[in-house]
Amino acid sequence: MNGPSPAGGAVVELEHVSKSYPGTDAPAVGDLSLTIPAGEICVLVGPSGCGKTTTMKMINRLIEPTGGRITIGGEDIMSMPAVELRRRIGYVIQQVGLFPHLTIGDNVATVPRLLRWKPPRIRERVEELLELVGLEPREYRDRYPAELSGGERQRVGVARALAADPPVMLMDEPFGAVDPIRRERLQNEFLRLQARVRKTIVFVTHDVDEAIKMADKIAILQRGGVLAQYDTPDVILASPATEFVERFVGADRGLKRLSLGRVRDLAPIAPVIVHAGESRADARGRLDRVEELTYALLVDDRDRPIGWIDAHDLAGEGPIPADAATPGAPTVQGETTLRDALSALLGSSVQLGVVVDERDRVTGLVSVDAIGEALRAPVRAADGSLVPIGEAAAG
Amino acid sequence: MEGQPFFRPEWIGDNLDVIGSRLWEHVQMTVIAVAIGLLLAFALALLIRRLPFLYGPIVGFTGTLYAIPSLALFAILVAFLGLTLAAAEVALVSYTLLILVRNIVAGLRGVPAEVIEAATGMGLTSGQRLARIELPIALPVIVAGLRIATVTTIGLVTVTALIGRGGLGYLIVNTGINRFFPTSIYTGVVLCVALAVAADLGLLGLQRWLTPWARARGASV
């Protein structure tokens, strides 16, 4: 399959953008400036009334800004007719809004038809996109939206938004209407898709966890479209800029940060490996030399973990029996989030986890201490500076 | 009606040409009235789409027209237009307007908000949205109104016999009631009902054919 063209994204820049409605005192959005780098997912998040949806809709002029300037790839969005602008911007909404009277194929072909592409090119593109979002074209192209499940419809919505390969996509709570299990899957699918298409994405949600998961950068907005903080999820969680941000991301922000990190990001701890049949004295000697460890790890002949053995079990002479170990060493993989790893470790008596590869072979250890240390390390901010971990500045 | 047998089938055989031409007249009058009514109703509904506050006044006006007793309306129109086809059609058209305007507006308003938002967000102009999205989605509701308007008009055409037209109504009133001839009345009534049923089913079939997607609804969730 050919990937979509490598056009990728374009920089979206908001300069002092505002929106006020006549007859109201406070602006819906007042003086908002934001630069969204090309190819990144920027999540606008905040409580209701913070102007996140208004901000997003000003980018494709579903709402006309009353002040400031918005540019896409350097081009002012007011320099062209609104309909032309919108055909260059993908748009995905919570309720999807598929056209019920058109087949899936015709739905996806909407913008290419508006742009008067030749029919063979449209056909090819529709097929490519349906494959991209994981829907077999032959099976889905000629069906109607009413015949699809909610998750399938949402995928068609994404395919339709990508049809003319727009550099920018706007997504308004795109996964808000599906149940948590399907949402998780759609989010993962979308992140994989984004890794290939590299669009500039403006994503609106009210769900902090979704923002943390999806975002390259999070813009936290306060009532009136005031930008409270704009940074990577890690920095926002590690070092909230204001009390508002701190409250908004929640008291469990440390745990939330753990879901951003992976076991493979930690410095590996080398285990003391022992095999059944080995001499106890030998093993005891090796364990003694490693100060941090009080347990050796018994593995089978294929390097798969069996269980822990402490110095007491290794006392005396003779070979180590196959059943010497206390079973129940929790295993994690490099891809496991630190949050899941911590959860597994806290549940075991030894508080050490065994990192295994895809064939269950031991590659290292992970400890509760190491995870805690990762949380305490300073993080790198969007501007490249190191940010110390701490509470929000008072006030 | 004394002196006449209850039913004389041979009269039908002897008068097929008369019956046929009255049936054809009935069809023509109906088609003209519904077609003009549909055009006017469309224009009014599009006006309402642009200026929603006109909905009340327009529906009020067409509702008033609908409430005028048909005999009275024909009498008034004959005073201005004489015993003409125009007088008959003006009355028939005015009776279709209420149903058609209401159903076209209801159909357009029934298009889900998220569909309209998606269409607008993807860069369809207002006209493209109307032609490609809103009207096709509104079609089942519009055709439902068209069916009621058509069946109503087929019934009302018979009343125009009083001003010298009438289609099948001519058989009922002029050769039937006025000459105490039941066979002609039955023939007119049966054909009139058959025409109404045929028109109704025909329009239903047309709608099914035009909206294959509506049947897909609920096929799976």
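Worth saying up front: this structure is predicted, and the values here are computed from it rather than measured.

### Focus: the overall build of chain B
- The number of helices and strands found in chain B is 10 helices and 0 strands.
- Secondary structure elements in chain B, listed N-terminal to C-terminal, are α-α-α-α-α-α-α-α-α-α.
- Once the C-alpha set of chain B is aligned to its principal axes, its extents read approximately 75 × 45 × 20 Å.
- Per-residue burial over chain B gives 39% buried out of 221 residues.
- In chain B, once contacts between residues fewer than 6 apart in sequence are set aside, the share between residues at least 24 apart is 72%.

### Brief notes about the overall build of chain A
- Helices and strands together make up the secondary structure of chain A, namely 15 helices and 19 strands.
- In chain A, which comprises 395 residues, the proportion classed as buried is 41%.
- Nonlocal contacts in chain A, meaning residues at least 24 apart in sequence, comprise 66% of its contacts between residues at least 6 apart.

### Looking at the sheet that holds strand S5 (residues 75-76) of chain A
Residue and element names in this part refer to chain A.
- The 4 strands are arranged S2-S1-S4-S5 in an open sheet whose pairing can be described as antiparallel. Each edge of the sheet is formed by a strand with only one pairing partner; in this case those strands are strand S2 (29-36) and S5.
- Where strand S1 (residues 12-19) lies against strand S4 (residues 67-72), 5 bridges are found, and the strand directions are antiparallel. From the neighbouring strand, leucine 14 faces S4, where its bridge partner is isoleucine 70.

### Things to note about the environment of Gly46(A)
Residues and elements named next belong to chain A.
- Mapped onto the secondary structure, glycine 46 falls in the loop between strand S3 (41-45) and helix H1 (52-59).
- The exposure class of glycine 46 is buried, given the 28 C-beta atoms found within 10 Å.
- For the pair formed by glycine 46 and isoleucine 236, sequence separation is 190 residues and the distance between their alpha carbons is 13 Å.
- In this structure, glycine 46 is in contact with Lys52, Ile220, Leu221 and Gln222, ignoring residues within four places of it in sequence.

### Some remarks on the nonpolar core
- Core analysis: the largest hydrophobic core is formed by 130 residues, its most contacted members being Cys42(A), Val43(A), Val202(A) and Val101(B).
- With 14 residues, the top contributor of residues to this core is helix H5 (residues 85-109) of chain B.
- When near neighbours in sequence (up to four residues on either side) are disregarded, Val202(A) contacts Val12(A), Ile36(A), Cys42(A), Leu44(A), Met56(A), Ile59(A) and Leu170(A).
- Of all hydrophobic cores here, the second largest spans 28 residues; its members include Val263(A), Leu297(A), Ala325(A) and Leu342(A).

### Focus on the interface of chain B and chain A
- In this assembly, 21 residues from chain B lie in contact with 21 residues from chain A.
- Sort the elements by how many residues they give to the side of chain B that touches chain A and helix H6 (residues 113-121) of chain B lands first, with 6 residues.
- Looking at the side of chain B that touches chain A, its residues break down into 11 nonpolar, 7 polar and 3 charged.

### Regarding the environment of Thr120(B)
- Position of Thr120(B) among the secondary structure elements: in helix H6.
- For Thr120(B), the residues in contact, after removing those within four places along its chain, are Leu62(A) and Arg129(B).

### A word on the sheet that holds strand S11 (residues 273-275) of chain A
All names here are of chain A.
- Strand order in this open sheet of 4 strands is S11-S12-S13-S14, and the pairing throughout is mixed. Looking at which strands have only one partner, the edges of the open sheet turn out to be S11 and strand S14 (326-327).
- Where strand S12 (residues 295-299) and strand S13 (residues 305-310) come together, 5 bridges link them in antiparallel fashion. Bridge pairing in S13 places leucine 297 opposite tryptophan 308.

### Re the confidence of the model for chain A
- Averaged over all residues, the pLDDT of chain A is 89; the fraction at 70 or higher stands at 96%.
- Low pLDDT (under 50) marks residues 1-6 of chain A, which in the prediction has 9 contacts with non-local residues, meaning those over four places away or in another chain.

### Quick look at the pairing of strand S17 (residues 362-367) of chain A
All names here are of chain A.
- Bridge count between strand S16 (residues 352-356) and S17: 5 bridges; the pairing is antiparallel. If you follow valine 355 over to S17, its bridge partner there is glycine 364.
- Between S16 and S17, which pair antiparallel one after the other, the connecting turn spans 5 residues, and aspartate 360 there sits at a positive phi close to 70°.

### Observations concerning helix H8 (residues 180-197) of chain A
- In this model H8(A) runs 25 Å from its N-terminal to its C-terminal C-alpha over 18 residues, within 8% of the 26 Å that 1.5 Å per residue would give.
- Of the residues one or two after H8(A), Arg198(A) is the one with positive phi, at around 50°.

### Some details on the packing of helix H2 (residues 16-50) of chain B against helix H8 (residues 168-177) of chain B
Residues and elements named next belong to chain B.
- In the contact formed by H2 and H8, the axes pass within 6 Å of each other and the chain directions differ by 120°. Comparing their axes, H8 and H2 come out oblique. Facing Ile19, Arg22, Leu23 and His26 of H2, the residues of H8 in contact are Leu168, Tyr170 and Leu171.
- Taken together, the residues of the contact of H2 with H8 break down into 5 nonpolar, 1 polar and 1 charged.

### Description of H8(B)
Residue and element names in this part refer to chain B.
- Summarising burial for H8: 8 of the 10 residues are buried, a large majority.
- By the burial criterion, the buried members of H8 are Leu168, Gly169, Tyr170, Leu171, Ile172, Val173, Thr175 and Gly176.
- Of the surrounding elements, those touching the buried residues of H8 are H2, helix H7 (126-157) and helix H9 (182-210).

### Thoughts on unusual backbone geometry
Residue and element names in this part refer to chain A.
- Of note, the phi angle at arginine 61 is positive, near 60°, even though the residue is not glycine.
- Examined against the element boundaries, arginine 61 turns out to sit in the loop between H1 and S4.
- Classification of arginine 61 as partly exposed rests on a count of 19 C-beta atoms within 10 Å.

### Overview of the environment of Ala267(A)
All names here are of chain A.
- With respect to the helices, strands and loops of the structure, alanine 267 is situated in the loop between helix H12 (253-258) and S11.
- When the 9 C-beta atoms within 10 Å are taken as the criterion, alanine 267 is described as exposed.
- Taking the C-alpha atoms as reference points, alanine 267 and isoleucine 371, 104 residues apart in sequence, are found 9.8 Å from one another.

### Let's talk about the packing of H2(B) against H7(B)
Residues and elements named next belong to chain B.
- As a packed pair, H2 and H7 sit with axes 9 Å apart at the nearest point and diverge in direction by 135°. By the angle class used here, H2 and H7 are oblique. In this structure, H2 meets H7 at a crossing whose hand is right-handed. Contacts between H2 and H7 pair His26, Met29, Thr30, Ala33, Val34, Gly37 and Leu38 from the former with Leu146, Ala149, Thr150, Thr153, Ile154 and Val157 from the latter.
- Tallied by class, residues from the contact of H2 with H7 come to 8 nonpolar, 5 polar and no charged.

Reading the values: rules and limits
Residues numbered from 1 in each chain as written. Chains lettered and ligands numbered in written order. Predicted model: local features only at pLDDT ≥ 70, side-chain atom pairs only at ≥ 80, totals over all residues. Helix = DSSP H or I, 4+ residues; strand = E, 2+ residues; numbered from the N terminus. Buried ≥ 20, exposed ≤ 12 C-beta atoms within 10 Å, placed from the backbone. Contact = placed C-beta atoms within 7 Å. Pairing = 2+ DSSP bridges. Core = buried A, V, L, I, M, F, W, Y, C linked by C-beta atoms within 7 Å. Nonpolar A, V, L, I, M, F, W, Y, C, P; charged D, E, K, R; others polar. pLDDT = per-residue confidence, 0-100. Expected span 1.5 Å × (residues − 1). Axes fitted to C-alpha atoms, helices over the stretch in contact; angles between N-to-C directions. Parallel < 35°, antiparallel > 145°, perpendicular 65-115°, else oblique. Left-handed = near helix turned anticlockwise from the far one by under 90°.

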